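# Chains, contacts and geometry: an overview
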Amino acid sequence: MGKLERRSWAEPFKIKVVEPLKMTTREDRLKAMAEAGYNTFLLRSEDVYIDLLTDSGTNAMSDYQWAGMMLGDEAYAGSKNYYHLEENVGKFYGYKYLVPTHQGRGAEHIISKLLIKPGDYVPGNMYFTTTRLHQELAGGTFVDVIIDEAHDSQNLHPFKGNIDLQKLEDLIKKVGEKKISYVTVAATVNMAGGQPISMENLRRIRALTSKHNIKVVFDATRAVENAYFIKMREKGFEQRSIAEILKEMCSYTDGATMSGKKDLLVNIGGFLALNDYDVFEEARNMVVVYEGLHTYGGLAGRDMEAMARGIEEAVQEPHIKARIGQVEYVGDKLQSIGVPIVLPVGGHAVFLDAKRFLPHIPQLQFPAQTLAAELYLDSGIRSMERGIVSAGRSKETGDHYYPKLELVRLTFPRRVYTQAHCDVTAESVEAVFENRDRIKGLKMVYEPKYLRFFQARFERL
Ligand code: F0G
């Protein structure tokens, strides 16, 4: 990778439909931000210029996917789109059994309820908000076993998503293998800055867990992006296709939870995929309670068709190269003007390092939350806090978790924004950076009980 010539990641598509954006003034934005309690989740999308809140469900679908939407078989039971999805999950991910769900957390809910007993431990490579919450609601305790490098925004380790096998082994020794429900392995670890896990690490996790009879549940949400990093960075994979790498990754796991709203280029959808028939039986039984019949799991037939087709497009090399190339383009631009970001640049987002961007704001005055608000005020660009607000509170002590990483995520929807949008984004971050000394922190004035970052409200200090 390295050098980013324009030509190296030009979009392998052209634009057929456009959606106009509203331009706002600073006065408009001041009003909107105050009404939203300085929480970008509470802004109206209409008031946003470039929306980098998330890459989840914000993708542009292709004409092939839209054509598939017209072929939706909206039968309550046995929709043909379910069978197409099942076929493609088997073909590209390699899992035997499929349970569709409305989105990723639907799958997390089911697998957590099925496999976690109260008092169990669930190790994983850094937490994800919804994943950990479902594990805790099922009575489990999440244990972070990611390598230490992942917590350091400047460490250049090529696979900062790796699990520290010593940490995992120590946990198994300490609590005993029977007390471990499974290991959650996430591809391109979101909270670490979109950092990949290596194939070598996956193999070794499989070897260790097999020895102890422990299952591995893969969070395959951004596994295609991870496969691309393996191809670029790991010896022996240069000549392998993204599809082959993806399938090998999954082969070291027992099942997967999937938010199709990311890699799979759709606006809604997810699934639980499994290899173990007995677990599948139970999951299929449970999905009818919480999501819908086992052949639609809360999705319309057309949405399953769009996701089935999205799987095929996601692994196309020009697509994934342009997708990650665009994110790197912005990352390189920001780095070149001295803005502190998480390195290496991740797969789905550029993460601003708010601790170093706003060193005068203490963590309890929410530097990342503040920075996200300031960026919106400057230009109408919407980003997301991924720091102390997202981390929430410990269920034991009730105190905040104090994550080492206090980040603002500029997340790129797939196939949505142009290079000029990327340039404007970098210019706006630069403008905020130049005025950083004048920025003051926030205080939290409303805190919801679960996943507080979505609905918390703040006031300026
Ligand atoms: N796992 C990961 C790694 C995720 O990033 C997400 C969602 C989920 C699971 C849950 O999936 O939203 O379909 O229920 N991440 C979104 C984000 C919300 O903005 O990063 P979901």
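Structure's up top.
Below, the structure is looked at part by part. Residues take numbers from 1 onward in each chain, read along the sequence in its written order. Selection of residues for local features in this predicted model requires a pLDDT of at least 70, selection of side-chain atom pairs for listing and counting requires 80 or more, and totals for whole chains, interfaces and linings are taken over all residues. The side-chain quantities take in all heavy atoms of the structure and omit both hydrogens and water.

## So, the overall build of the chain
A tally of regular secondary structure across the chain gives 16 helices and 12 strands. Taken along the three principal axes of its C-alpha coordinates, the chain extends 60 × 55 × 45 Å. The buried label applies to any residue whose accessible area, calculated with a 1.4 Å probe on protein chains only, is under 20% of its type's maximum; exposed applies above 50%, and partly exposed to all values in between. When the 461 residues of the chain are sorted by exposure, 60% land in the buried category. Contacts: residue pairs with any heavy atoms within 4.5 Å of one another. A sequence separation of at least 24 residues applies to 73% of the contacts in the chain between residues at least 6 apart. Computed by Shrake-Rupley with a 1.4 Å probe, the accessible areas treat only the displayed protein chains as cover when residues are assessed. As presented, the chain carries roughly 18900 Å² of accessible surface, and 51% of it is formed by carbon and sulfur atoms. Positive: Lys, Arg. Negative: Asp, Glu. His and the chain ends are not part of the count. Charge placement uses NZ in Lys and CZ in Arg. For Asp and Glu, CG and CD serve respectively. Here the chain contributes 60 positive and 61 negative side-chain charges, whose respective centroids are spaced 1 Å apart. Comment: elements are numbered from the N terminus, with helices defined as DSSP H or I runs of at least four residues and strands as E runs of at least two.

## Brief notes about the packing of helix 4 (residues 104–115) against helix 5 (residues 129–137)
Contact geometry for helix 4 and helix 5: axes closest at 9 Å, N-to-C directions at 25°. Between helix 4 and helix 5, the angle falls in the class roughly parallel. Viewed along their axes, helix 4 and helix 5 form a crossing whose handedness is right-handed. Contacts from Arg105, Glu108, His109 and Ser112 in helix 4 reach Thr130, Thr131, His134 and Gln135 in helix 5. Amino acid classes used here: Ala, Val, Leu, Ile, Met, Phe, Trp, Tyr, Cys and Pro are nonpolar; Asp, Glu, Lys and Arg are charged; the rest, including Gly, are polar. Looking at side-chain class alone, the contact of helix 4 with helix 5 contains no nonpolar, six polar and two charged residues. Note on geometry: axes are lines fitted to C-alpha atoms, helical ones only across the stretch in contact, with angles between N-to-C directions running from 0 to 180 degrees. With respect to orientation, any angle under 35 degrees is reported as roughly parallel, any angle over 145 as roughly antiparallel, any angle of 65 to 115 as roughly perpendicular, and every other angle as oblique. Take the far helix as the reference: if the near one is turned anticlockwise from it by less than a right angle, the crossing is left-handed, and if turned clockwise, right-handed.

## Some thoughts on the sheet that holds strand 10 (residues 407–411)
What the three strands build is an open sheet, ordered 8-10-9; its pairing is antiparallel. Each edge of the open sheet is held by one strand with a lone partner, namely strand 8 (349–353) and strand 9 (384–386). With direction set aside, neighbouring strand axes in the sheet form an average angle of 35°. The pairing of strand 8 with strand 10 spans five bridges and is classified as antiparallel. Paired with Val350 across the strands is Leu410, a residue of strand 10. On top of the sheet, helix 14 (residues 367–379) reaches strand 8, strand 9 and strand 10; it is set at about 40° to strand 10, its chief contact. Whether two strands pair comes down to DSSP finding at least two bridges between them.

## Comments concerning the site of the ligand
One heavy atom suffices: a residue is near a molecule or strand as soon as one of its heavy atoms comes within 4 Å of it. Neighbouring residues of the ligand: 17 residues in total, closest Arg105, Asp219, Ser259, Lys262 and Arg409. Any pair of N or O atoms that falls within 3.5 Å is considered a polar contact. Within protein, one atom must be able to donate a hydrogen and the other to accept it, and sequence-neighbouring residues count only if both atoms are side-chain atoms. Within the side chain of Arg105, a nitrogen or oxygen atom sits 2.7 Å from an oxygen atom of the ligand. Separating a nitrogen atom of the ligand from a side-chain N or O atom of Lys262 is a distance of 3.0 Å. Coverage of the ligand by the protein chains reaches 96% of its 470 Å² of free accessible surface. Of all the elements, helix 4 adds the most residues to the shell around the ligand, at three residues. Its residues assigned to classes, the shell around the ligand shows two nonpolar, eight polar and seven charged.

## Things to note about the pattern of salt bridges
Here, a salt bridge means any side-chain nitrogen of Lys or Arg that lies within 4 Å of a carboxyl oxygen of Asp or Glu. Counted under the stated rule, the structure contains 27 salt bridges. A salt bridge links Asp254 to Arg206; its shortest N-O distance comes to 3.1 Å. In this pair, Asp254 is assigned in the loop between helix 9 (242–251) and strand 6 (255–259) and Arg206 in helix 7 (residues 199–212), connecting sequence segments 48 residues apart. On the basis of relative accessibility, which here comes to 25%, the residue Asp254 falls in the partly exposed class. For the salt bridge of Arg240 with Glu248, the shortest nitrogen-to-oxygen distance reads 3.0 Å.

## Notes on the environment of Ala349
Tracing the chain through its elements places Ala349 in strand 8. Overall, Ala349 belongs to the buried group, its relative accessible area being 1%. Residues Ala349 and Asp144, spaced 205 residues apart in sequence, show a C-alpha to C-alpha distance of 22 Å.

## Description of the packing of aromatic side chains
Between rings of Phe, Tyr and Trp, where Trp is taken as its six-membered ring, a pair exists when centres lie within 6.5 Å; planes separated by under 30 degrees are stacked, by over 60 edge-to-face, and by other angles tilted. A complete count under the given rule lists 12 aromatic pairs for this structure. On the basis of an interplanar angle of 15° and a centroid distance of 4.7 Å, the ring pair of Tyr97 and Phe280 is categorised as stacked. Separated by 183 residues along the polypeptide, Tyr97 in strand 1 (residues 97–101) and Phe280 in helix 10 (residues 277–290) bring together distant segments of the chain. A relative accessible area of 21% places Tyr97 in the partly exposed class. Clustering of aromatic rings is evident, with ring pairs tying together Phe41, Phe453 and Phe454.

## Points about the pairing of strand 3 (residues 141–144)
Here strand 2 (residues 121–124) pairs with strand 3 via four bridges, running parallel. Pairing of Pro123 across the sheet is with Val143, part of strand 3. Crossover strand 2 to strand 3 through helix 5 is right-handed. By convention, a crossover is right-handed whenever its connection, traced from the first strand over the helix to the second and viewed with the strands pointing away, goes clockwise.

## What about helix 3 (residues 80–93)?
Expected span of a helix, by definition, is 1.5 Å for each gap between consecutive residues, and there is one gap fewer than residues. Between its first and last C-alpha, helix 3 extends 20 Å over 14 residues, near the 20 Å set by a 1.5 Å rise per residue. Those residues of helix 3 lying buried are Asn81, Tyr82, His84, Leu85, Asn88, Val89, Phe92 and Tyr93. Projected down its long axis, helix 3 carries its buried residues within an arc of 160°, all on one side. Those residues of helix 3 that are exposed and angled more than 90 degrees off the buried face are Lys80 and Lys91. In this structure, the buried side of helix 3 is in contact with strand 1, helix 8 (223–233), helix 9, strand 6, strand 7 (270–274) and helix 11 (301–314). Gly94, located one to two residues past helix 3, shows a positive phi value of around 85°. The arc in question is traced by the directions running from the helix axis to the C-beta atoms.

## Some words on helix 8
Burial analysis of helix 8 places nine of its 11 residues in the buried class, which makes it a mostly covered element. When we look at burial in helix 8, the residues that qualify are Ala223, Val224, Glu225, Asn226, Ala227, Tyr228, Phe229, Ile230 and Lys231. For helix 8, the elements touching its buried residues are helix 3, helix 7, strand 5 (215–219), helix 9, helix 11 and helix 12 (317–336).

## Notes on the nonpolar core
Tyr93, Val185, Phe218 and Met249 are the most contacted members of the largest nonpolar core, which totals 62 residues. Discounting chain neighbours no more than four positions away, the residues touching Tyr93 are Asn88, Ala220, Val224, Leu246, Lys247, Cys250, Met258, Leu264 and Ile311. Leu334, Val350, Ala354 and Leu410 belong to the second-largest nonpolar core, a separate cluster that totals 33 residues. Remark: nonpolar core denotes a set of buried residues (Ala, Val, Leu, Ile, Met, Phe, Trp, Tyr, Cys) joined through side-chain atoms within 4.5 Å.

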